[in-house]
Amino acid sequence: EVQLVESGGGLVQPGGSLRLSCAASGFTFSSNAMSWVRQAPGKGLEWVSSIDGGGGRTSYVDSVKGRFTISRDNSKNTLYLQMNSLKPEDTAVYYCNLRFVGRDYWGQGTQVTVSS
């Protein structure tokens, strides 16, 4: 059974940093691309970033380029999102996402709130 468990969210002031983690199990982690997706209050899902199975290829939505870094540790089956220079508009629930055999899998999400 695929399981994705996010952690690391919280309340942070503008300009601050957080690192999100996603612990994965139930599939061959190193063989699969992973993504972070967020949902701001009252808005739809927004793709944030993706990384390939080996960790060598990454992509980002324009609004986070230069501020966020996606990475993974395949020895720990864990996905990360380092978020720096956070802005109030980054406030959202952040989910890690796996697309596997034509189906999307999601964790429970972790709340990130950027506010002074």
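Let me sum up the structure you'll find in this document. (Residues numbered from 1 in each chain as written. Predicted model: local features only at pLDDT ≥ 70, side-chain atom pairs only at ≥ 80, totals over all residues. Heavy atoms only, no water.)

### Considering the pattern of salt bridges
This model, assessed by the stated rule, comprises 5 salt bridges. Across the pair R67 and D90 runs a salt bridge whose closest N-O atoms are separated by 2.7 Å. On the criterion of sequence distance, the pair formed by R67 in the loop between β6 (58-60) and β7 (68-73) and D90 in the loop between β8 (78-83) and β9 (92-100) is long-range, its members being 23 residues apart. Residues participating in the shared-partner salt-bridge network are R38, E46, R67 and D90. (Salt bridge = Lys/Arg side-chain N within 4 Å of Asp/Glu carboxyl O. Helix = DSSP H or I, 4+ residues; strand = E, 2+ residues; numbered from the N terminus.)

### Regarding the packing of aromatic side chains
Aromatic ring pairs: the centre-centre distance and the angle between the two ring planes describe each pair. Under the counting rule described, the total for this entry stands at 3 aromatic pairs. The interplanar angle of 85 degrees and the centroid separation of 6.2 Å between the aromatic rings of Y95 and W106 together place this pair among those described as edge-to-face. Here Y95, found in strand β9, pairs with W106, found in strand β10 (residues 103-106); they are 11 residues apart in sequence, far enough to count as distant. Residue classification places W106 among the partly exposed residues on the basis of a relative accessible area of 38%. Counting every residue linked through ring pairs, the aromatic cluster contains F27, F29 and F100. The cationic tip of R72 hangs over the ring face of F29; the distance from NZ or CZ to the ring centre is 4.2 Å. (Phe/Tyr/Trp six-rings, centres within 6.5 Å; stacked < 30°, edge-to-face > 60°. Buried < 20%, exposed > 50% of the residue type's maximum accessible area, 1.4 Å probe, protein only. Lys NZ or Arg CZ within 6 Å of the ring centre and 35° of its normal.)

Just distances and angles here, no functional claims.
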